[in-house]
Amino acid sequence: MLTSRALVRGLKSGFWRPLSSTSSVQAAHGKDMSPDVLDPSVPQYNNRLDTPLSDVPFVRNLNSEQRQLKEKEKGPWTKLTKEEKIALYRLTHELTYPEMRRGSSEWKTVLGGVFIFLGFSGMLVWWQRIYVFGEVPHTLSDEWVEKQTQRMIDMRINPVGGFAYHWDYVKKQWK
Amino acid sequence: MFRPVVRLSTSGVRSLTRTRPCYSAPLASRCYSHAKVETDEEFDARWVTYFSKPDIDAWELKKGMNTLIGYDLVPEPKILDSALRACRRLNDLASAIRILEAVKDKSGPHKDIYPYLIQELQPTLIELGISTPEDLGMDIL
């Protein structure tokens, strides 16, 4: 939580000032985002699943029509329309429980980033293979390996459970 | 509500170490706390009384509700009824709806608890004019 607030402050002091909350938006919300009011020593609004009723309402500075709605709330609630009830809820709470529980698509960004970097590393390895590494030793050429294999068979390397075991000396082929 | 904790007091240790053949340690000497365990009915009654206070203030409602949600249980309908009436006395519809959302969330994977609660609370909800989050379309994103 603190790091995201610090990020917001960083954004605001940077060149994204017009994109972040304007002062009119700040004034409407009880949750003050200006730097000198980010004060952990005064009660603040929280969206928490385990704390349904927060210390302060989300919107504290009510305009006149919101105040009228609050007056109407003092009467019977049967007289309130659905929109008014939703409005009253949103005055006190920023997010509903499903909104609090909603996940984000951040994992797609993370996975994409991981693949990009893996791909870039793969590019580097490929370039290295072509331009940095020299030729492979001659002892790995097909011709040499053939002669080597024949020699191993003649020497009966690992005749019990290993190499020469798999060679059929009668039929002169692999088993 | 209070799970008994086995504590190794000095007498308990002594009886464990003194094992002789044909010596049977007395089974009854467990070291439980002597506090009385509160029954479910007592717990419910305590909370109903808490929310029934006629001049309950907003702080007490918040504190009570947040504490209740902190427990490892879903409150009984009668406790919620008392809490909703406290919201009415405080002219706070938003908190009433929030309480309903909170107990639904509290039920976790047990999807049959919340409909039961709403069914039991239906008379109160109608009387006080509290709409459920479903009625207001707030249960979906």
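Residues numbered from 1 in each chain as written. Chains lettered and ligands numbered in written order. Predicted model: local features only at pLDDT ≥ 70, side-chain atom pairs only at ≥ 80, totals over all residues. Heavy atoms only, no water.

1. Structural notes on the overall build of chain B
In step 1: When helices and strands are counted, chain B shows six helices and zero strands.
In step 2: Counting from the amino terminus, chain B carries its helices and strands in the arrangement α-α-α-α-α-α.
In step 3: A sequence separation of at least 24 residues applies to 67% of the contacts in chain B between residues at least 6 apart.
In step 4: Accessible surface, chain B as shown: approximately 8700 Å² in total, 59% of it carbon and sulfur. (Helix = DSSP H or I, 4+ residues; strand = E, 2+ residues; numbered from the N terminus. Contact = heavy atoms within 4.5 Å. Areas by Shrake-Rupley, 256 points an atom, 1.4 Å probe, with all protein chains shown as cover.)

2. Quick notes on a nonpolar patch on the surface
Residues and elements named next belong to chain A.
In step 1: On the surface, a cluster of nonpolar side chains totalling about 870 Å² of accessible area is made up of Met-123, Trp-126, Trp-127, Ile-130, Tyr-131, Val-132 and Phe-133.
In step 2: As for its placement among the helices and strands, Phe-133 is situated in the loop between helix 6 (106–131) and helix 7 (142–155).
In step 3: Residue class for Phe-133 comes out partly exposed when judged on its relative accessible area of 47%. (Patch = residues over 30% accessible without salt bridge, like charges linked within 9 Å, V, L, I, M, F, W, Y side chains within 5 Å. Salt bridge = Lys/Arg side-chain N within 4 Å of Asp/Glu carboxyl O. Buried < 20%, exposed > 50% of the residue type's maximum accessible area, 1.4 Å probe, protein only.)

3. Section: the UniProt feature "transmembrane region" (unreviewed entry) in chain A
In step 1: Here, the residues flagged by UniProt with the feature "transmembrane region" (unreviewed entry) are residues 109–127 of chain A.
In step 2: For the annotated span residues 109–127 of chain A, helix accounts for 100% and strand for 0% of the residues, and the straight-line distance between the end C-alpha atoms is 27 Å. (UniProt positions renumbered as here; feature names shortened; annotations may be inferred.)

4. Section: the interface of chain A and chain B
In step 1: Between chain A and chain B, the residue contacts involve 31 residues of the former and 29 residues of the latter.
In step 2: Put simply, chain A and chain B have one salt bridge between them.
In step 3: Taking the shortest distance from any N to any O, the salt bridge between Asp-105 of chain B and Arg-101 of chain A comes out at 2.6 Å.
In step 4: At the boundary of chain A with chain B, the tally comes to 15 residue pairs in polar contact (both at pLDDT 80 or more).
In step 5: Where the side of chain A that touches chain B is concerned, the elements lending two or more residues are helix 4 (82–92) and helix 5 (97–101) of chain A.
In step 6: In terms of residues, the side of chain A that touches chain B owes the most to one element, helix 4 of chain A, which gives six residues.
In step 7: Its residues assigned to classes, the side of chain A that touches chain B comprises 14 nonpolar, eight polar and nine charged. (Polar contact = N/O pair within 3.5 Å; in protein donor to acceptor, adjacent residues only side chain to side chain. Nonpolar A, V, L, I, M, F, W, Y, C, P; charged D, E, K, R; others polar.)

5. So, a negative patch on the surface
All names here are of chain B.
In step 1: Taken together, the side chains of Asp-40, Glu-41, Glu-76 and Glu-120 make up a negatively charged region of the molecular surface.
In step 2: Within the fold, Glu-76 resides in the loop between helix 3 (58–70) and helix 4 (77–89).
In step 3: The exposure class assigned to Glu-76 is partly exposed, which follows from its relative accessible area of 36%. (Lys, Arg positive; Asp, Glu negative; His and termini not counted. Charge placed at Lys NZ, Arg CZ, Asp CG, Glu CD.)

6. Section: the pattern of salt bridges
In step 1: Taken as a whole and judged by the stated rule, the model has 16 salt bridges over all chains.
In step 2: Of the charged contacts, one joins Lys-74 of chain A and Glu-71 of chain A as a salt bridge, the two residues approaching to 3.3 Å between their closest N and O atoms.
In step 3: Exposure remark for Lys-74 of chain A: the relative accessible area of 47% places this residue in the partly exposed category.
In step 4: For Glu-127 of chain B, the salt bridge is made with Arg-85 of chain B, and the minimal N-O distance between the two is 3.0 Å. Of this pair, Glu-127 of chain B sits in helix 6 (residues 113–128) while Arg-85 of chain B sits in helix 4, placing them 42 residues apart in sequence.
In step 5: For Glu-127 of chain B, a relative accessible area of 51% translates into the label exposed.
In step 6: Overall, Arg-85 of chain B belongs to the partly exposed group, its relative accessible area being 27%.
In step 7: Residues joined in a network through salt bridges with shared partners are Asp-81, Arg-85 and Glu-127 of chain B.

7. What about the confidence of the model for chain A?
As a general rule, the predicted coordinates of low-pLDDT regions are not to be interpreted in detail.
In step 1: In this model, chain A carries a mean pLDDT of 84, and residues with pLDDT of at least 70 account for 79%.
In step 2: The element-level mean pLDDT for chain A is lowest in helix 2 (residues 23–28) of chain A, coming to 51, with helix 6 of chain A highest at 97. (pLDDT = per-residue confidence, 0-100.)

8. A closer look at the side chain of Arg-98 of chain B
In step 1: With respect to the helices and strands, the residue Arg-98 of chain B is situated in helix 5 (residues 93–106).
In step 2: A polar side-chain atom of Arg-98 of chain B sits 2.8 Å from the main-chain carbonyl oxygen of Pro-52 of chain A.
In step 3: Here the side chain of Arg-98 of chain B touches Leu-95 of chain A through a polar contact of 2.8 Å, landing on its backbone oxygen.

9. A few points about unusual backbone geometry
Residues and elements named next belong to chain A.
In step 1: Phi is positive for Asn-158, close to 50 degrees, though the residue is something other than glycine.
In step 2: Position of Asn-158 relative to the elements: it lies in the loop between helix 7 and strand 1 (167–168).
In step 3: Although it is not a glycine, Lys-172 adopts a positive phi angle of roughly 55 degrees.
In step 4: Turning to its location among the elements, Lys-172 is positioned in the loop between strand 1 and strand 2 (173–174).
In step 5: What makes Lys-172 exposed here is its relative accessible area of 61%.

10. Digging into the nonpolar core
In step 1: The biggest cluster of nonpolar side chains holds 43 residues, and the ones touching the most others in it are Trp-77 of chain A together with Phe-51, Met-65 and Ile-130 of chain B.
In step 2: Sorting the residues of this core by element identifies helix 4 and helix 5 of chain A together with helix 2 (40–51), helix 3, helix 4, helix 5 and helix 6 of chain B as the ones contributing at least two each.
In step 3: No other element matches the seven residues that helix 5 of chain B contributes to this core.
In step 4: Setting aside chain neighbours within four positions, we find Ile-130 of chain B in contact with Trp-77 of chain A together with Leu-84, Leu-93, Ala-96, Ile-97, Leu-100 and Leu-125 of chain B. (Core = buried A, V, L, I, M, F, W, Y, C linked by side-chain atoms within 4.5 Å.)

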